Amino acid sequence: MLSTEQLQQFEQDGFIVLPDFVERARCEELQAHVDALLVGLDGSGEACVFSTTDPSHGANEWFLGSADKVRWFFEDGAVDEDGNLTRAIPEAVNKLGHAMHDLDPVFDSFSRTPELAEVAGDVGFVDPKLLQSMYIFKQPGIGGEVICHCDHTFLWTEPQSVIGFWLAIEDATLNNGAMWALPGGHRQSAKSRFRLVDADDRSKGTTTDVFDEVPYDTDGLVPLEAEAGTLILLHGTLPHYSAANASNKSRHAYTLHVIEGTANYLSDNWLQRPPDFPLRGF
Ligand code: FE2
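Residues numbered from 1 in each chain as written. Predicted model: local features only at pLDDT ≥ 70, side-chain atom pairs only at ≥ 80, totals over all residues. Heavy atoms only, no water.

Enquirer: Give me the overall build of the protein chain: which residues, what numbers.
Expert: A tally of helices and strands in the protein chain yields seven helices and 16 strands. Against the globule reference of 19 Å for 282 residues, the protein chain gives a C-alpha radius of gyration of 18 Å, in line with a compact fold. Dimensions of the protein chain along its principal axes, counting C-alpha atoms only, are 55 × 45 × 40 Å. Counting all 282 residues of the protein chain, 52% fall into the buried class. Across the protein chain, the fraction of contacts at a sequence separation of at least 24, relative to all contacts at a separation of at least 6, is 81%. A total of about 12500 Å² of accessible surface is found on the protein chain, and carbon and sulfur atoms cover 50% of it. Of the charged side chains in the protein chain, 19 are positive and 44 negative, and the gap between their average positions amounts to 3 Å. (Helix = DSSP H or I, 4+ residues; strand = E, 2+ residues; numbered from the N terminus. Rg over C-alpha atoms; globule rule 2.2 N^0.38 Å. Buried < 20%, exposed > 50% of the residue type's maximum accessible area, 1.4 Å probe, protein only. Contact = heavy atoms within 4.5 Å. Areas by Shrake-Rupley, 256 points an atom, 1.4 Å probe, with all protein chains shown as cover. Lys, Arg positive; Asp, Glu negative; His and termini not counted. Charge placed at Lys NZ, Arg CZ, Asp CG, Glu CD.)

Here it is, written out as structure tokens:
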């Protein structure tokens, strides 16, 4: 699937952009499926705001218990001080996560394609496991910023193995919050690790171990504009970022995080599957 040049580029930059990887019509099918799921949503109850700038979601069971669920998370700006939604649910959702690829047949078939499996083999996976899936909405107007981070911080294996498979479901442009990445930044080790305080009791919440206080050099970030159907691979230690969506167009994306089956997935990572719900490959 990937040429030698593309693999060299991935090694050099820590990311690679593959336009037209999935047909636009397939993206539209997935989007229509998500629209249908949202119609059935009940926004009341214990739903959680997802924010990378406010760590309070870390202690939330809705978030920490989502490894084997299909759950929705709301935008920061879509919930008022009393916890009520300030806009209709389809415009308030931040993302769906984190096991659609195993629980929802439409997501399953979108995620487990021969092409994605081949790319995983090309970038070196021997026994790839699909750890988590997210459908990200990046809503017009309120779609919040995602701070500069690397995915290894959140999905730690030893040795490091996570790679992000990011698929544009809608066009991602400079106006609606396209991703940005730091070319070559994956050669730095992760600056922090987000983990459970206590691997045996997630009600104790999460904490972040900081190894390096110096922030990433965000001056070097380059935009990764992507038309619908584009696949972007992100190395696990690659710093990446996306701005808030200040436009009037959404920027839907679907991500899969894949780890090496032989690597040690740490027991105090925030995302923990129950023993009866093992990880599967492509
Ligand atoms: Fe990320």
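Structure's up, so let's keep going.
Enquirer: Can you break down the coordination of the iron ion residue by residue, with the values?
Expert: For the iron ion, the full set of protein donor atoms is His-149 (NE2), Asp-151 (OD) and His-240 (NE2), and the range of their distances to it is 2.2 Å. One chain supplies every donor for the iron ion, spaced along it as H-x1-D-x88-H. With Asp-151 in the loop between β6 (146-149) and β7 (157-158) and His-240 in strand β14 (residues 240-242), this residue pair connects regions lying 89 residues apart in the sequence. Of the residues examined, Asp-151 reaches a relative accessible area of 7% and is grouped as buried. (Donors = N, O, S within 2.8 Å, 3.2 Å for Na, K, Ca; no water.)

Enquirer: Quick rundown of the nonpolar core? Include the residues and the values.
Expert: In this structure, Tyr-135, Phe-165, Leu-231, Leu-233 and Tyr-254 are the most contacted members of the largest nonpolar core, which totals 53 residues. Among residues more than four places away in sequence, those in contact with Phe-165 are Leu-116, Val-119, Ala-120, Phe-125, Leu-231, Ile-232, Leu-233, Tyr-254, Thr-255, Leu-256 and Val-258. Trp-166, Ala-168, Ala-178 and Leu-234 belong to the second-largest nonpolar core, a separate cluster that totals 13 residues. (Core = buried A, V, L, I, M, F, W, Y, C linked by side-chain atoms within 4.5 Å.)

Enquirer: Explain the state of the cysteines residue by residue, including any values.
Expert: Within this structure, the stated rule accounts for zero disulfides. The thiol sulfur of Cys-150 is not disulfide-bonded, and the nearest other cysteine sulfur, from Cys-148, lies at 8.9 Å. (Disulfide = S-S within 2.5 Å.)

Enquirer: Tell me about the pattern of salt bridges, residues and numbers included.
Expert: All chains considered together, the criterion is met by 14 salt bridges. The partner of Lys-69 in a salt bridge is Asp-68, and the shortest N-O contact between them spans 3.1 Å. You can call Lys-69 partly exposed: its relative accessible area is 31%. Residue Asp-68 is classed as partly exposed on the basis of its relative accessible area, which comes to 22%. The partner of Arg-273 in a salt bridge is Asp-102, and the shortest N-O contact between them spans 2.7 Å. Of this pair, Arg-273 sits in the segment after β16 (264-265) while Asp-102 sits in helix α5 (residues 100-103), and the two are 171 residues apart along the sequence. (Salt bridge = Lys/Arg side-chain N within 4 Å of Asp/Glu carboxyl O.)

Enquirer: Lay out the side chain of Arg-273 in plain terms, naming residues and giving numbers.
Expert: For Arg-273, a relative accessible area of 16% corresponds to the buried category. At a separation of 3.4 Å, a polar atom in the side chain of Arg-273 contacts the side chain of His-101. For Arg-273, the side chain forms a polar contact with the main-chain oxygen of Phe-277, separated by 3.4 Å. Arg-273 has contacts with Ala-67, Ala-99, His-101, Asp-102, Leu-130, Leu-131, Pro-278 and Leu-279, leaving out every residue within four places of it along the chain. (Polar contact = N/O pair within 3.5 Å; in protein donor to acceptor, adjacent residues only side chain to side chain.)

Enquirer: Just give me the short version of the packing of aromatic side chains, but keep the residues and values in it.
Expert: The full count for this structure, using the stated rule, is 10 aromatic pairs. With a centroid separation of 4.3 Å and 10° between ring planes, the pair formed by Phe-63 and Trp-270 is classed as stacked. Of this pair, Phe-63 sits in helix α3 (residues 61-64) while Trp-270 is found in the segment after β16, placing the two residues 207 residues apart along the sequence. One aromatic cluster in this structure is built from Phe-107, Phe-110, Tyr-135, Phe-137 and Tyr-254. The ring of Trp-62 has Arg-71 sitting right over it, with the charged end atom 4.5 Å from the ring centre. Across from the ring centre of Tyr-216, 5.1 Å away, lies the NZ or CZ of Lys-191, which sits over that ring. (Phe/Tyr/Trp six-rings, centres within 6.5 Å; stacked < 30°, edge-to-face > 60°. Lys NZ or Arg CZ within 6 Å of the ring centre and 35° of its normal.)

Enquirer: Could you give an account of the sheet that holds strand β12 (residues 222-224), naming the residues involved and the relevant values?
Expert: Taken together, the four strands give an open sheet; going across it, the order is β6-β14-β9-β12, and neighbouring strands pair in antiparallel fashion. Lying at the two open borders of the sheet, with one neighbouring strand each, are β6 and β12. The average angle at which neighbouring strand axes cross in this sheet is 25°, direction not considered. (Pairing = 2+ DSSP bridges. Axes fitted to C-alpha atoms, helices over the stretch in contact; angles between N-to-C directions.)

Enquirer: Please provide a residue-by-residue account of helix α7 (residues 114-122), values included.
Expert: In an α-helix, one full turn covers 3.6 residues, which means residues spaced three or four apart are oriented alike. Of all the residues in α7, the buried ones are Leu-116, Val-119 and Ala-120. Seen end-on, α7 carries its buried residues on one side only, within an arc spanning 100°. Lining the buried residues of α7 we find α6 (105-111), β5 (128-136), β8 (163-168), β13 (231-235) and β15 (253-260). Of the residues trailing α7, Gly-124 is marked for its positive phi of about 110°. (Arc of directions from axis to C-beta.)

Enquirer: Help me get a handle on the pairing of strand β4 (residues 93-98), residues and values and all.
Expert: Successive residues of a regular strand alternate their side chains across the two faces of the sheet. Counting buried residues in β4 gives six out of six residues, a clear majority hidden from the surface. As defined by bridge partners, strand β3 (residues 70-74) adjoins β4 across five bridges and the pair is classed as antiparallel. Opposite Trp-72, over in β4, you have Leu-96 as the bridge partner. Bridging between β4 and β5 involves four bridges; their strand directions are antiparallel. Bridge assignment links Leu-96 to a residue of β5, and that residue is Tyr-135.

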